[in-house]
Amino acid sequence: MSSNYIFDKDDIRFRKKKTSVWAVIRRILMFFVASVSMAVLYYVIFALVFSTDEEKALRRENRMYERQYPELQRKEELLSDVVEGLKVRDDAIYEEIFNTSAPDVEPLTSIDFLAGYDSIPDQDIVLHSAARLDNVAKSADKVEENFRKIMEIIGSEDYVLPPMTNPLRNYSFAQTGASIGSRINPFYKVPVQHNGLDMIAPSGEPVYAAADGVVKNVTRSRKGLGNVVEIDHGNGYVTRYAHLADIEVRKGRKINRGTRIGYVGVSGNSFAPHLHYEVVRDTVVLDPMNHLFASVTPEEYVNMLVMSVTTGQSMD
């Protein structure tokens with residue numbers, strides 16, 4: 001308890017006035033609240049009017065990021081398209097044609113690029129994007145270096161180019177039939193192994209050599225693959241052209257790419273006029289679809305791939 005003196009008019013004397021503890025505490029609390037409120041008010045006014053050096057630096061950095069982010073997005077999309085386009089030349093083409101493994105490149109898409117961004121603080125997104133773009137650029141450089149080495153290999157004098165052109169002219173993806181694999185036989189209606197690509201064309205359509213080589217064998221028959229021309233292209237590559245109506249080359253003849261070797265027909269066990277085209281390397285059957293990309297546009301090549309995979313019945 002605390003007390004002070006007050007003047008009592010009735011008794012005309014001073015007497016002690018008692019003050020409760022709660023009154024004192026209440027006054028202290030009011031003073032504390034008033035002080036804190038004034039401090040907060042002063043801080044808000046100072047923060048709105050004045051900025052520290054660190055805050056100014058952060059604002060400048062944010063403005064810089066706002067300018068750079070659209071450019072980083074554009075570069076990311078460009079690099080993603082480049083890497084994806086390079087990846088289209090898939091592993092099978094490397095293994096079968098170039099005798100080397102495909103470069104180890106991380107496939108990037110817009111979804112892949114943004115994956116995990118929810119957990120990245122906003123202030124770090126641009127830095128993280130820049131780091132990812134650097135990785136993509138390095139990957140693209142590695143792919144380019146691989147292609148440079150490939151071009152050096154195929155440019156050497158002792159290298160023999162594999163067959164990479166279409167044996168038919170004016171060919172559209174709609175003419176693509178079944179490729180290699182288990183396919184339904186059109187005569188027996190049971191799955192059988194199909195070792196070539198059915199290329200639908202009218203009878204009498206010229207057939208051309210897919211690459212330089214020597215005619216290895218000429219077969220004329222009414223059974224099986226019918227009239228067949230085999231061409232040895234070197235480096236273990238052999239192409240076969242079957243169900244021909246007529247043959248214009250003889251065994252042992254040296255021919256160039258684009259030389260007419262015969263005409264489309266229905267010889268042998270053929271369901272309809274078409275060219276049965278095979279590519280073999282060292283007795284191993286290869287998918288001819290992997291050797292036609294040099295003759296068509298990327299869009300046509302993709303459509304041809306879809307047709308060759310989804311066609312369930314062969315034509316021979």
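See the structure above.
Rules of the game
Residues numbered from 1 in each chain as written. Predicted model: local features only at pLDDT ≥ 70, side-chain atom pairs only at ≥ 80, totals over all residues. Heavy atoms only, no water. Helix = DSSP H or I, 4+ residues; strand = E, 2+ residues; numbered from the N terminus. Expected span 1.5 Å × (residues − 1). Buried < 20%, exposed > 50% of the residue type's maximum accessible area, 1.4 Å probe, protein only. Arc of directions from axis to C-beta. Core = buried A, V, L, I, M, F, W, Y, C linked by side-chain atoms within 4.5 Å. Contact = heavy atoms within 4.5 Å.

**Quick word on unusual backbone geometry**
Stage number 1. Phi angles above zero are rare outside glycine, and Lys189 is one such case at about 55°.
Stage number 2. Within the secondary structure, Lys189 is located in the loop between strand S3 (181-184) and strand S4 (191-194).
Stage number 3. One non-glycine residue, Asn235, lies in positive phi territory at about 60°.
Stage number 4. Structurally, Asn235 can be placed in the loop between strand S8 (227-234) and strand S9 (237-247).

**Here's the deal with helix H6 (residues 298-310)**
Stage number 1. Along its 13 residues, H6 runs 18 Å from first to last C-alpha, staying within 8% of the 18 Å computed at 1.5 Å per residue.
Stage number 2. Considered for burial, the residues of H6 that qualify are Tyr301, Met304 and Ser308. The buried residues of H6 occupy an angular sector of 60° when the element is viewed end-on, so they sit on one face. Exposed residues on H6 whose side chains face more than 90 degrees from its buried face are Glu299, Val309 and Thr310.

**Details of the nonpolar core**
Stage number 1. Judged by nonpolar contacts, the single largest core of 29 residues is most densely connected at Val229, Tyr241, Ile261 and Leu275.
Stage number 2. Mapped by element, the contributors of at least two residues to this core are strand S5 (197-200), strand S7 (213-219), S8, S9, strand S11 (260-264), strand S12 (274-281) and H6.
Stage number 3. Excluding residues that lie within four positions of it along the chain, Leu275 makes contacts with Pro167, Leu168, Leu197, Asp198, Met199, Val207, Tyr241, Ala242, Leu244 and Val264.

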